[in-house]
Amino acid sequence: MPARPTAAGSGLGWANLGMDIVSVKRVRRLLEDHGERFFERMLDPGELADCRTSSGIDLLSLCGRIAAKEAAFKTLRVQGRFLPWRDIVVRRSDGGWPLVELRRTAAEMAAESGITDITVSISHDVDYAVAVAAPILGDPSGLRP
C-alpha cells in the first residue's frame, strides 16, 4: 500500500515538512572517537568532499548534511522504515545552496509517497545545525507537466 503523506485536512497541494537539529558537540565527539570513517556510513564520498577544507572536515558542514538527510527523510512519512543514509544525498550546488538527490530505497519511498523531489534549507551556528525540508509533490491527476 502506498505511503502517501498524511495529516488531518490533507489534500491536493498538501506537503509534510521535515526538520532536524544536530548538536555540533555530539558530532565532534563522534569524529574524535571514531574518525572520519564513521561518517562514511552516512555520507557518500562527494558529500564528505563538500564538507572538507584544507584543514580537514568542516564540522558545521558535516552537521548540516546530517540534519538535511534527517529532515528529508521526515518528509517521506513512512512507518517502520529506517533512514537510508546513503540513498539521500545532499550536495552543494554551484551557487552554494544544498540540493537533494534521492537514490535507490529513498527514491522508492518518495515515489510511494507521491514525492518527485525534496528541497532543503540548512543553517548552522556555533553549537547546532538545523535543516528544513519540503517535498515537491507530483500531480496525482497527471494533468500538469
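Owing to the predicted nature of the structure, the values given are computational and were not obtained by experimental measurement.

**Q** Which residues make up the overall build of the protein chain, and what are the values?
**A** Looking only at helices and strands, one finds four helices and seven strands in the protein chain. Listing every helix and strand of the protein chain by position from the N terminus yields β-α-α-β-β-α-β-β-α-β-β. Across the 145 residues that make up the protein chain, the buried fraction comes to 40%. In the protein chain, the proportion of contacts linking residues at least 24 apart, taken out of those at least 6 apart, comes to 57%. Per element, the accessible surface of the protein chain, about 8,500 Å² overall, is 53% carbon and sulfur.

**Q** Quick rundown of the sheet that holds strand β1 (residues 18-23)? Include the residues and the values.
**A** Taking strand neighbours across the sheet as the criterion, the three strands line up as β1-β7-β6 in an open arrangement whose pairing is antiparallel. The two strands at the open ends of the sheet, each matched to only one other strand, are β1 and β6 (115-124). Averaged over all neighbouring strand pairs, the angle between strand axes comes to 20 degrees, with direction disregarded. Here helix α1 (residues 24-34) sits on the sheet and contacts β1 and β7 (128-137); the angle it forms with β1, its principal contact strand, is near 60 degrees. Sheet strands in contact with helix α3 (residues 59-76) are β1, β6 and β7, and its direction is about 35 degrees off that of β7.

**Q** So what's going on with the side chain of glutamate 47? Residues and values would help.
**A** By the secondary structure assignment, glutamate 47 is in helix α2 (residues 45-51). Within the structure, glutamate 47 has its side chain in polar contact with the backbone nitrogen of aspartate 44 (distance 2.7 Å). With residues up to four places along the chain from it excluded, the contact list for glutamate 47 reads Met42, Arg65, Lys69, Ile88, Val89, Val90 and Arg91.

**Q** An account of the confidence of the model for the protein chain is needed here, citing residue identities and associated values.
**A** Detail in the predicted coordinates should be disregarded across regions flagged by low pLDDT. Of all residues in the protein chain, 85% attain a pLDDT of 70 or more, and the chain-wide mean is 87. This model gives residues 1-12 a pLDDT under 50, and the stretch forms 22 contacts once residues within four places in sequence are excluded.

**Q** Just give me the short version of the UniProt feature "binding site: Mg(2+)" (unreviewed entry) in the protein chain, but keep the residues and values in it.
**A** Listed under "binding site: Mg(2+)" (unreviewed entry) in the UniProt record, and renumbered for this structure, are Asp20 and Glu70. In sequence the annotated residues extend across 51 residues, while in space they remain close, none of their C-alpha pairs exceeding 6.1 Å. Topologically, aspartate 20 is positioned in strand β1. Setting aside chain neighbours within four positions, we find aspartate 20 in contact with Ala67, Glu70, Ala71, Lys74, Ala129, Val130 and Ala131. Checked against the element boundaries, glutamate 70 lands in helix α3.

**Q** Would you mind going over the nonpolar core in detail, with residue names and values included?
**A** Counting 36 residues, the largest nonpolar core has Val27, Phe39, Leu43, Leu62, Ile66, Leu76 and Ile118 as the members making the most contacts within it. Counting residues per element, the ones that place at least two in this core are α1, α2, α3, β4 (88-92), β5 (98-102), α4 (104-112), β6 and β7. Top contributing element to this core by residue count: α3, with ten residues. The residues contacting isoleucine 66, other than those within four sequence positions of it, are Val22, Val27, Phe39, Met42, Leu43 and Trp85.

Cut-offs and rules
- Residues numbered from 1 in each chain as written.
- Predicted model: local features only at pLDDT ≥ 70, side-chain atom pairs only at ≥ 80, totals over all residues.
- Heavy atoms only, no water.
- Helix = DSSP H or I, 4+ residues; strand = E, 2+ residues; numbered from the N terminus.
- Buried < 20%, exposed > 50% of the residue type's maximum accessible area, 1.4 Å probe, protein only.
- Contact = heavy atoms within 4.5 Å.
- Areas by Shrake-Rupley, 256 points an atom, 1.4 Å probe, with all protein chains shown as cover.
- Pairing = 2+ DSSP bridges.
- Axes fitted to C-alpha atoms, helices over the stretch in contact; angles between N-to-C directions.
- Polar contact = N/O pair within 3.5 Å; in protein donor to acceptor, adjacent residues only side chain to side chain.
- pLDDT = per-residue confidence, 0-100.
- UniProt positions renumbered as here; feature names shortened; annotations may be inferred.
- Core = buried A, V, L, I, M, F, W, Y, C linked by side-chain atoms within 4.5 Å.

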